[in-house]
Each structure stands twice: as structure tokens, then as C-alpha cells.
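# Observations on chain architecture
Given next are the chains, with one letter for each unit.
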Amino acid sequence: MRCNYACGSGEHTMARRRFLGTMAVGTGAMFGGLSMLARPAISAELNKQQKRVLVFNMHGGLSQLESWDPKPGTPTGGPFRAINTSVPGTQICELLPETAKQMHRLAIVRGVNTSEDDHGKGINMMLTGRRVIPGVDNPHLGATAAKVLANESSGLPGHIQITAGNGSSRANDAAYLGPKYAGLLLGNGAPPQNTLRPDAIAQAADEQRNAMRRAANERFLSRRRTAMTDAYTYSYEQAQQLMAQRDIFDVTKESEADQARYGKHDLGRHCLLARRLLENGITYVQVSHSNYDSHNENFIFHTEQVGEFDRPFA
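Residues numbered from 1 in each chain as written. Predicted model: local features only at pLDDT ≥ 70, side-chain atom pairs only at ≥ 80, totals over all residues. Heavy atoms only, no water.

## Re helix α5 (residues 119-128)
Note the cut-off: Think of it in three bands: residues with accessible area under 20% of the maximum for their type are buried, residues over 50% are exposed, and the middle band is partly exposed, with areas taken using a 1.4 Å probe on protein chains only. Strands here are runs of E lasting at least two residues and helices are runs of H or I lasting at least four, both read from the DSSP assignment and numbered beginning at the N terminus. Pairing of N or O atoms within 3.5 Å defines a polar contact, subject to two protein rules: one partner must be a possible hydrogen donor and the other a possible acceptor, and residues neighboring in sequence count only if both atoms are side-chain atoms.
Along α5, the residues that are buried comprise G122, M125, L127 and T128. Where α5 begins, one side-chain oxygen reaches toward the backbone nitrogen of G120, 2.9 Å away; that side chain belongs to D118. At the exit of α5 stands G129, carrying a positive phi of roughly 85°.

## Brief notes about the packing of aromatic side chains
In plain terms, the rule: Each aromatic pair joins two rings of Phe, Tyr and Trp (for Trp, the six-membered one) with centres within 6.5 Å, and gets the label stacked for planes under 30 degrees apart, edge-to-face for over 60, and tilted for any other angle.
Counted according to the given criterion, the structure contains 6 aromatic pairs. On the numbers, 6.1 Å between centres and 75° between planes, the contact of F80 with F299 is edge-to-face. Here F80, found in the loop between β1 (53-58) and β2 (82-84), pairs with F299, found in helix α11 (residues 298-313); they are 219 residues apart in sequence, far enough to count as distant. The class for F80 is buried, based on a relative accessible area of 12%. Using a relative accessible area of 38% as the deciding quantity, one classes F299 as partly exposed. Cluster of aromatic residues (ring-pair linked, three or more members): F56, W68, F309 and F313.

## Some points on the packing of helix α10 (residues 266-279) against α11
Definition in use: Axis lines are fitted through C-alpha atoms, for helices just across the contact stretch, and the angle between N-to-C directions can take any value from 0 to 180 degrees. By definition in this entry, angles of less than 35 degrees are roughly parallel, angles greater than 145 are roughly antiparallel, angles of 65 to 115 are roughly perpendicular, and the rest are oblique. Crossing handedness follows the turn of the near helix against the far one: under a right angle anticlockwise gives a left-handed crossing, and clockwise gives a right-handed one. Contacts: residue pairs with any heavy atoms within 4.5 Å of one another. Only Asp, Glu, Lys and Arg are considered charged in this grouping, and only Ala, Val, Leu, Ile, Met, Phe, Trp, Tyr, Cys and Pro are considered nonpolar; every other residue, Gly among them, is considered polar.
At a minimum axis separation of 9 Å, α10 and α11 run at an interaxial angle of 25°. One finds that α10 runs roughly parallel with respect to α11. The crossing of α10 and α11 is right-handed. Where α10 approaches α11, its residues L267, G268 and C271 are matched on the opposing element by E308, F309 and P312. Here the contact of α10 with α11 is built from residues that sort into 4 nonpolar, 1 polar and 1 charged.

## Structural notes on unusual backbone geometry
A cis amide bond links S290 to the next residue, N291, at an omega of 5°. Note on placement: N291 falls in the loop between β7 (284-289) and α11. Positive phi, close to 50°, is recorded for A175, a residue that is not glycine. Structurally, the position occupied by A175 is in the loop between β5 (168-170) and β6 (184-187). Positive phi values are uncommon outside glycine, yet E297 reaches one of about 50°. In this structure E297 comes out as exposed when scored by relative accessible area, which is 58%.

## Brief notes about empty space enclosed by the protein
Note the threshold: Using only the protein atoms, space was sampled on a 1 Å grid; points where a 1.4 Å probe fits but cannot get out form cavities, open sets with protein on both sides within 12 Å along at least five of seven lines form pockets, and lining residues are those with an atom within 4 Å of a point. Grid points are joined across faces, edges and corners, and a volume is the space filled by probe spheres set on the points.
The final tally for this structure, using the stated rule, is 1 cavity of 30 Å³ or more. Taken as a whole, the largest cavity encloses approximately 110 Å³ of empty space. Lining the largest cavity we find 14 residues, and of these A150, N151, L156, G158 and Y234 sit closest to its centre. In the lining of the largest cavity, the residues fall into 6 nonpolar, 6 polar and 2 charged.

Geometry only, nothing functional implied.
What follows is the structure, encoded as C-alpha cells:
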């Protein structure tokens, strides 16, 4: 019997099971599945809906027993209780009380397993859908989302990663999609480096310098244009856009109430920055929280870490 209960909206142009089926890990089919998003009709519908992606990368691996799938009273369940959420019948760990109030906005998938014991290989599988193969690079999810969803005319990166370290740089995670879709890394949530015009250089002089650079580039490209030279040209032009729109990276522009609500600690600032970026047209933002590789004092560690995560995530 054929079920025909979809409402006909853009969200139902592709069945969920069909999409997830094409992304089955280890089959090599993930980007066959993601390529469906690039079909003109589906891509146009997603752009019209202004879909955005936010990924939390819990470095080291957040324990499912201390978060989304508690097992109290079992030999390996640990000391924490399961608490009710805003969805009747769905419980999560007591370390996530604020998130429990938002459960009606979430969907929990408790059957994901990479079957990898190596952190790096597991992360690669989660972010590319493929196992690590020496000499083979595949685009990360952020690069794919940027290619499919990003507004080409905005000039801003479609793919930004907020990391716990310092400094900013471009990630090498777009593979064959090209550096245009590579992630921009924001160390500790700071604005991109070198995006302020030095006081010693006047605005008019800066504009003249850039005009000269563009003229030299165009002359060179007319004879020796390659994918690499295009990438360099795009990087310079995007840097100009970053300088012109630098304020979107400044989380202090948010209200004092929101800064207090998210928390003044690093993760709180990073989550508020992620919201600010998404609201300003960035397609994909990844926030990292580390380090969950808790080989010692697991319960104390998760009490602190998950406690910090709960409120800004919620």
C-alpha cells in the first residue's frame, strides 16, 4: 500500500528515511545523498526557507549515559538520575535540566555508532560520512552546507568553526569542493585576525592599494588563470568583506541580558556568537566544547562540563 500523507511542502520533497539511507556510514554513499540537496528545486527551497546548521562538536566524546540516554540502576549507568522533559515519555540525564525544558524542539537519535575506537577517525566519519582512507580527502559537512545553502553574493564565509584555541585561519576541509567553501576558524570566538585597517593607512590610500591589486590580478589572470589563482583572488575579496562586516563577529554588541543569559564563560560567549552569526546569514556554524575524553573522575568531570553546556545550549 502506498502512503500519500505528505503535505507537499518543501520539507517533504525527500523522505527522511531515503535521505538517511543514502548517508549510511561505510557505504561510500553519503555525498550521493547530500548531492540531492544540490538539485535546483531542493536547493532553491532550502535557500528560500533560510535553513541554517549549528553543530556542537563535543571533543573527546560526550558520554551518552551522562546526557541523552541515561541508564540509572544498571551496572554501568552511573550515579545520575533520569529526569522528565517537555516531551512525555522522553527522559534525559539530570545534568541537563534546562535542555529538558526544550525537548519539544529537539529529536534524539540514540542509535548512532561509528564503530571506531580512534577519536580522530570517529570525528572524520561524523563530519564527512566516510572512513579515513589514506590519500583521499572528502568535504566536511560544513563545506557541503556552504556550497548548497550559502548566499554567493554575501561575501562572507558560509562555514565558520568557533574553537577553543587562539588565532584564526582557514581550515583545509573542503576537499574537491575548493577553498571557497573551506571553514573559517575563530579561535576563542575572537573576530578574524588582521581585519582592522591600520590607523597609519588612510581609507583613500587603502582603496587605491586594493584597486592596484585588482588591476594586477586581472592582468595576470588574463594569461595564467588557474583554480589556485582564483582561490587567492577569492580570499582577498572575502577579506575585504570581512573587514567591512567585522561587527557581526563582535558578541559584545549583543544585549547585556543575553550575555548574562548565555553565560560569561567561554562556551556561553561562543554559543551567543554562533546565534549572532546564524542570524546574520552564515549558513553553518560549528561550536567546539572540550575535552570530554574523561578517563579519570568521569562523573565529576561531566558534572562540570555538562553543567556548563546545558544553559547556553538550551
